[in-house]
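One-letter residues, chain by chain:
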Amino acid sequence: MLPVKETLHIGVFGLNHNTAPLGIRERLYISETIAPELLQSLKHRGMEEIILLSTCNRTEIYYSCRDRVQALDIIKSALRDRFAVEGERLDPYTYVLYDEDAYRHLFRVSSGLDSMVVGEPQILGQVKDAYRLATSHGATGFLLNKVFHRTFHVAKRIRSETRIGYNPVSISSMAVELSKKIFLDLSRKRILVIGAGEMCEIALKHFKKEGLSEIFITNRTFQGALRLAEEYAGIASPFTEMEDLLTRVDMVLSSTGSEQPLIGATLVHSVMKKRKNRPLFFIDIAVPRDIDPGVNKIDNVYLYDIDDLKDLSQRHLSDRLKESEKAQEIMEEEAAKFSHWLTRLDMAPLIVKVAHKAEDIRSAEVKKGLSKMKDLDEETVARIEAMTRALVSKLLHPHLALIKDNGSPEVLDVMKRLFEIEDGDEEEMDTGDQGE
């Protein structure tokens, strides 16, 4: 067997809506522009496999490591340098999980069992996006690839074998429900939607059903606002007309990717004078927040953020509790299967060497091929990465199965020669108990 110091661990360091308030979560939000830079920083500091998952409700770093203490120090150091926040200040709000606890947690997250709105459907897509981003930057390897592919399988089983995602509820739909509680009847109200992403689009689908008097849509890129306005019978307005729009509407729903607030107290003070203090409601479901929390102190201005939706989401929990129990049973079954697979992997460390050798070859050839192809978008690159990984996995499968099922010294020797693995690479490997 490999010595203890060589054991590969699966880890997750993170914080979420259950452990940290919004003010802390938005400090650690990893945007699409930051993620590649942070991935490279972690790799340069010695982390071999890293996947960054950051949503409105959580920021989590999944990784593999041999030295738990060293890996955690590297992660905290990278976060401190990027976000100017000390690790000690984060400790009360964060969690660190390893091995079975880590991939159980990932199974729960991807299946919607750990969401603010239990069963919400967006999280699986966000996990897949995080995985694709990491693979496109060469930040994953044999172990995390296996963990995340197993995760997608578990989430698919839970979605197909339970009704946890039936009549799906999301943060956006919760925001619409909140607006109905504020106004009771939305049919005579005017709303401004700021943003053109998925969260806003889901909200618009629900708002359209409520028959609002007018829906204004604005976005920093006008084409995005125009697209949603055409689809949902809204009125697209340039971002520069924000102040005028705020004087005309009853409510604002905002969800953009801005790293700084878009609406501050000075602007709202000016708007309220023009409104003659007619009440204005803001629902801010962005992380980081789009609207400065200070506007809530202005008379007749009412601001709700994503954490204010928690109580509302709990009312839907009882309807999904029974389905959650079924989902939990599936998750436990799949976690046990994966634990068994990892145990067999530990019994045959040569498998790790073979898998890494194959991955190194695949990665090098793909890199060489991509360097000759110009103007490929990220999605195409990700598809090429996924296709080649799947191909290598299928080619490797019978070889790895042979090692697992017949770990005799003769078989191991053939595999070493086949994959050009030196004997020194397998020091202290116990060949007497390699399979079931």
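Bear in mind that the values here come from a model prediction, so they are computed numbers and not experimental data.

Visitor: Sorry if this is basic, but what is going on with the side chain of Ser110 here?
Guide: Checked against the element boundaries, Ser110 lands in helix α5 (residues 99-110). By relative accessible area, which is 1% here, Ser110 ends up buried. Residue contacts for Ser110: discarding those within four places in its chain leaves Ile123, Leu124, Val127, Thr151 and Ala155.

Visitor: Explain the pattern of salt bridges here, please?
Guide: A side chain with one charge can pair with a side chain of the opposite charge if their charged atoms come near. Tallying each qualifying case throughout the model produces 30 salt bridges. Across the pair Asp250 and Arg278 runs a salt bridge whose closest N-O atoms are separated by 3.6 Å. With Asp250 in the loop between α11 (242-248) and β8 (251-254) and Arg278 in the loop between α12 (265-274) and β9 (280-284), this residue pair connects regions lying 28 residues apart in the sequence. For the salt bridge of Arg362 with Glu359, the shortest nitrogen-to-oxygen distance reads 2.9 Å. With Arg362 and Glu359 both in helix α15 (residues 350-371), this residue pair falls three residues apart, about one helical turn. Neither residue differs from the other here; Arg362 and Glu359 are each classed as buried. A network of salt bridges, in which partner residues are shared, links Arg150, Arg157, Glu161, Glu333, Glu334 and Lys337.

Visitor: I tried to follow the environment of Gln122 on my own but got confused; where do I start?
Guide: Take Gln122: it is sitting in helix α6 (residues 122-136). Gln122 sits 67 residues away from Thr55 along the chain, and the two C-alpha atoms are 9.9 Å apart. Contacts of Gln122, omitting those with residues within four sequence positions, involve Ser170, Glu198 and Ile202.

Visitor: Which parts of the structure should I look at to understand the pairing of β8?
Guide: When a strand is regular, its side chains alternate between the sheet's two faces. Taking every second residue as pointing to the same face, both faces of β8 are buried, with Met251 and Leu253 on one and Val252 and Ser254 on the other. Bridging between strand β5 (residues 190-194) and β8 involves four bridges; their strand directions are parallel. The partner of Ile194 across the bridge, within β8, is Ser254. Sheet topology places β8 next to β9; four bridges connect them, and they run parallel. Paired with Val252 across the two strands is Phe282, which belongs to β9.

Visitor: I keep staring at the sheet that holds β9 and nothing clicks. Help me out?
Guide: Backbone hydrogen bonds are what pair the strands of a sheet, in a parallel or an antiparallel way. Taken in spatial order, the six strands line up as β7-β6-β5-β8-β9-β10 in an open sheet, and their pairing is parallel. On the outer flanks of this sheet lie β7 (235-238) and β10 (301-305), each paired with one strand and no other. The mean angle between the axes of side-by-side strands here comes to 20 degrees, regardless of whether they run parallel or antiparallel. Note that β9 and β10 share five bridges and pair parallel. Looking at the pairing, Phe282 lines up with Leu303 of β10.

Visitor: Hey, could you run me through empty space enclosed by the protein in this one?
Guide: Space left empty within the atom packing is revealed by a probe, the size of a water molecule, rolled over the atoms. Evaluation of the coordinates by the stated rule reveals two cavities of 30 Å³ or more. The computed volume of the largest cavity comes to approximately 140 Å³. Taken together, 16 residues line the largest cavity, and the ones lying closest to its centre are Cys56, Asn57, Glu120, Gln126 and Ile171. Contributing elements (two or more residues each) for the lining of the largest cavity: α6, α8 (171-183) and α9 (198-209). The element that contributes the greatest number of residues to the lining of the largest cavity is α6, accounting for three residues. Estimated volume of the second largest cavity: approximately 40 Å³. Together, Ile24, Arg27, Leu28, Val85, Arg89 and Leu90 line the second largest cavity. Residues belonging to the lining of the second largest cavity are distributed by class as follows: four nonpolar, no polar and two charged.

Visitor: When you look at the packing of α5 against helix α7 (residues 142-161) in this model, what are you seeing that I'm missing?
Guide: Helix-helix packing: each pair is described by the crossing angle between the helix axes and the interaxial distance. Their axes nearest at 9 Å, the elements α5 and α7 cross at an angle of 45 degrees. Viewed along their axes, α5 and α7 adopt a mutual orientation that is oblique. Crossing hand, α5 versus α7: right-handed. Listed contacts from α7 to Tyr103, Leu106, Phe107 and Ser110 of α5 are Val147, Phe148, Arg150, Thr151, Val154 and Ala155. When its residues are assigned to classes, the contact of α5 with α7 shows seven nonpolar, two polar and one charged.

Visitor: Is there a simple way to think about the pairing of strand β1 (residues 9-16) in this case?
Guide: Across the eight residues that make up β1, a large majority, eight, are buried. Both faces of β1 are covered, namely the face carrying His9, Gly11, Phe13 and Leu15 and the face carrying Ile10, Val12, Gly14 and Asn16. Both β1 and strand β3 (residues 58-65) contribute to a ladder of eight bridges, which runs antiparallel. Looking across to β3, one finds that Phe13 is bridged to Ile61. Bridge count for β1 against strand β4 (residues 95-98) is four bridges, and the pairing is antiparallel. Bridge pairing links Phe13 to Val96 in β4.

Visitor: What exactly am I supposed to notice about the packing of aromatic side chains here?
Guide: Within a pair of aromatic rings, the relevant descriptors are the distance that separates the centres and the angle that separates the planes. In the structure shown here, the tally under the stated rule is eight aromatic pairs. Considering the side-chain rings of Tyr103 and Phe338, the 4.9 Å spacing of their centres and the 85 degrees angle between planes classify their relative orientation as edge-to-face. With Tyr103 in helix α5 and Phe338 in helix α14 (residues 317-347), this residue pair connects regions lying 235 residues apart in the sequence. Across this residue pair, the class does not change: Tyr103 and Phe338 are buried. Measuring from centroid to centroid gives 6.4 Å for Phe148 and Phe152, while their planes differ by 70 degrees, and the two rings are edge-to-face. Taken together, the residues span about one helical turn, with Phe148 and Phe152 both in helix α7 at a distance of four residues. The class of Phe148 is buried, set by a relative accessible area of 1%. By relative accessible area, which is 14% here, Phe152 ends up buried. One aromatic cluster in this structure is built from Tyr62, Tyr131, Phe148 and Phe152.

Analysis parameters
- Residues numbered from 1 in each chain as written.
- Predicted model: local features only at pLDDT ≥ 70, side-chain atom pairs only at ≥ 80, totals over all residues.
- Heavy atoms only, no water.
- Helix = DSSP H or I, 4+ residues; strand = E, 2+ residues; numbered from the N terminus.
- Buried < 20%, exposed > 50% of the residue type's maximum accessible area, 1.4 Å probe, protein only.
- Contact = heavy atoms within 4.5 Å.
- Salt bridge = Lys/Arg side-chain N within 4 Å of Asp/Glu carboxyl O.
- Pairing = 2+ DSSP bridges.
- Axes fitted to C-alpha atoms, helices over the stretch in contact; angles between N-to-C directions.
- 1 Å grid on protein atoms, 1.4 Å probe; cavity = no way out; pocket = protein on both sides within 12 Å on 5 of 7 lines; lining within 4 Å.
- Points joined across faces, edges and corners; volume = space filled by probe spheres on them.
- Nonpolar A, V, L, I, M, F, W, Y, C, P; charged D, E, K, R; others polar.
- Parallel < 35°, antiparallel > 145°, perpendicular 65-115°, else oblique.
- Left-handed = near helix turned anticlockwise from the far one by under 90°.
- Phe/Tyr/Trp six-rings, centres within 6.5 Å; stacked < 30°, edge-to-face > 60°.

None of this, on its own, says anything about what the molecule does.
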